[in-house]
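If you want the building blocks of each chain, they are given just below.
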Amino acid sequence: MVRLAVVGIGKMGLSHLSILRQHPDVQSVAMCDSSGFVLDVLGKYTGLTSYRDYDRMLREEPLDGVVIATPTKAHFPMVRSAIEHGVNVFCEKPLTLSANQSMELAELARRSGLRTQVGYHNRFVAAFAEAKRLLELGAIGEVKHALAEAYGPVVLRAKASTWRGRRAEGGGALYDYAAHPLDLLTWYLGEPSAVSGTVLGNIFSVETEDEVYATLHYPKASAQLSVNWSDESYRKMSTKITLTGTLGRITVDRQECQVYLREQAICPSGYQHGWNVRYTTDLTDQVWFYVRGEEYSAELDYFVRSVAGNLRAGEPAERNSFTSAAVTDRVIERLVGDAALPTTPVSGPVALPGPRRQQEPASRVRQLRSRMQDRWQRRRQTA
Amino acid sequence: MDRLLFGDNQFFGVNHMSEERARAQAMRFQNLDAVMNVLDTAYDEGIRTFMCTTHDRIAEVAQRVRKDSDRYADFVFYPCMPYAHKYANAVTDYGMLGVLKKFLPDESLLSATLRGGKAFARKDIESVITMLVDAEMSMFEGLRTPVVFLQNVVVDLLLGLGFDEAFAVFARHVEQRYGAEPGFITMNLPRLLDTLDRVGVANPIVCSSINKLGFRMCGGVEAYRTVLEEREFRAIAMSVYASGAIPPREAFEWISGFPRIQSVVFGASSGANIRGTRDVASATFTSPAA
């Protein structure tokens, strides 16, 4: 039996609190928030123990683990403090706002031997997990390209009254939305070697971005990221990954995993050449308690069981660890840096790769033009 | 309650299996006429109860039904509140407290308490709940709403938190103010029945995923079988086809084995599918023995 506390009682915190309180291996759940109103109401009606002071809670409440669901800016000091108190940590995504801080926490966690997990719930969505399984089986051969998309209706007018509208606190489409497809890319393809062409655009927001577009480069593949959280043509957040390989293609979202396998592919059991569709409804395991998606119950179940030392035989020793979340944070940081780099202008001199670049641009253009004219002339003559 | 109730997921681009299908439906039902056509077909086939979310667009349906009271003389709404995305999206914009202020028609009580920084009294929370219910119910004014439901996201969130009293407050208010029976939608049927028992909601109407495959039946098929055989409550089954995984006849034959299942709620977009479900239901899901 484990003793837990949920820190930050917002949208995610409430849902975590609700799910954890019903977990058969959870003995008690305390809650911590800076808002007296939320604690007051919940305390009165649910009898949950509450704290307004996080450090006091860590000192006074006997805890095996904390679930941190505060605005991202607060993650680093809170997680560090929990680890220093010898408490296991589940932290909402992204882990921190700086790659160095995330790596520092990953290192701290490794040395402490504590269990750590980050709330990238998509890795607990059965359809996304099926895509991962297929990749590991080599079903679509070598992945050459990935398209990672996330769209949804979060910011639909110019207003930023909460932390989600402020980049410095971890708001914005990059941290809040793009982190999800980026983490799936990390899961599927590992860490990219480079990023380029990043666009952080705004549609409504004043203090942060509403859209993120970028190219990610891997040793043998590339990926395109396309994210927009100001798109109400999507009823709710919709994350989709398309993986194109030498032997086929996978398109996967929360609902289904569509797989096309070429003639040359070796089909995994239950799959055939050509089209295959696997639905989340078939792939998903039953959870003990459901609030708003099996994946939220499943990720917390994994955390509780890993803290309690009850992982099943054959289950991975860690999922969504701080180390893997730190990779995603490093990519996010690189995207921010890349977005500030100069772009290649279309007008003006043409920049070409290789030693010819040394030539005078104007003479190079003349040379190209005369070569094109020659080519046209030859074509006309043969016609 | 009728044996067959008509649901509304198909009108709002909700599909548990495919985003593409969901989008195609959202496009098709963009215009109210397309929605009304399907509702009219269902009504003319004898399916008179529309179990619907308190989505803004349902207000337009309610308006049509109100205006043509002869055509829709037997039309019944089972409102299911709230439309959770409306609140969830607003939390991102306004924060938790901001949402309450935004959606409460009369924010005087709440803001006075907040401005004063006072602690909340129980009666304050009760009036917040009842005011939110009234705000959602206003679109059905003058229409028949004999059962009013609390949506599963809210029911299951409160259930998990142990915020049990909210169920009693909701039930009391729906009965007293609207002369309606309270209904509860949940993905955790056995647990919810225990809680409703505890807060004194007797013989409750509970709508839950109930299907042969055990899809979204938390606690497991066996626990559901037990409560369906032993507990006193009125069950409405949803997801009986488990999102299309079970053929209609097989689905209904299985459902018919449980006399406590009084109704089945289903969604359909075409006359053929509506008639198909109705025919299978009238062949297999006949009137309860009791």
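A brief report on the enclosed structure follows. (Residues numbered from 1 in each chain as written. Chains lettered and ligands numbered in written order. Predicted model: local features only at pLDDT ≥ 70, side-chain atom pairs only at ≥ 80, totals over all residues. Heavy atoms only, no water.)

1. Digging into the overall build of chain B
- When helices and strands are counted, chain B shows 12 helices and 8 strands.
- Going through the 290 residues of chain B one by one, you find that 57% of them count as buried.
- Taking the intrachain contacts of chain B between residues at least 6 apart in sequence as the baseline, contacts between residues at least 24 apart amount to 76%.
- Carbon and sulfur atoms form 49% of the exposed surface of chain B, whose accessible area is close to 12,100 Å². (Helix = DSSP H or I, 4+ residues; strand = E, 2+ residues; numbered from the N terminus. Buried < 20%, exposed > 50% of the residue type's maximum accessible area, 1.4 Å probe, protein only. Contact = heavy atoms within 4.5 Å. Areas by Shrake-Rupley, 256 points an atom, 1.4 Å probe, with all protein chains shown as cover.)

2. Some details on the sheet that holds strand 8 (residues 194–201) of chain A
All names here are of chain A.
- Strand order in the open sheet formed by 8 strands is 8-9-10-7-11-12-13-14, and the pairing between neighbours is mixed. The sheet terminates laterally at strand 8 and strand 14 (274–279), the two strands that pair on one side only. The mean angle between the axes of side-by-side strands here comes to 10°, regardless of whether they run parallel or antiparallel.
- Bridging between strand 13 (residues 256–261) and strand 14 involves 6 bridges; their strand directions are antiparallel. From the neighbouring strand, Q258 faces strand 14, where its bridge partner is V277.
- Here helix 6 (residues 126–137) sits on the sheet in contact with strand 7 (143–151), strand 11 (238–245), strand 12 (248–253), strand 13 and strand 14, set at roughly 160° to strand 12.
- In the packing of helix 10 (residues 322–339) onto the sheet, contacts are made with strand 8, strand 9 (211–217) and strand 10 (222–228), and the angle to strand 8 comes to roughly 70°. (Pairing = 2+ DSSP bridges. Axes fitted to C-alpha atoms, helices over the stretch in contact; angles between N-to-C directions.)

3. Some points on the environment of V6 of chain A
All names here are of chain A.
- Examined against the element boundaries, V6 turns out to sit in strand 1 (residues 2–7).
- Looking at V6, the relative accessible area reads 0%, which means it is buried.
- Spatially, the C-alpha atoms of V6 and C91 are 9.9 Å apart, while their sequence positions differ by 85 residues.

4. Concerning the state of the cysteines
- Under the counting rule described, the total for this entry stands at 0 disulfides over all chains.
- Residue C267 of chain A stays outside any disulfide, its sulfur separated by 14 Å from that of C257 of chain A, the closest cysteine.
- You can see C52 of chain B has no disulfide; the closest cysteine sulfur is in C80 of chain B, sitting 6.5 Å from it. (Disulfide = S-S within 2.5 Å.)

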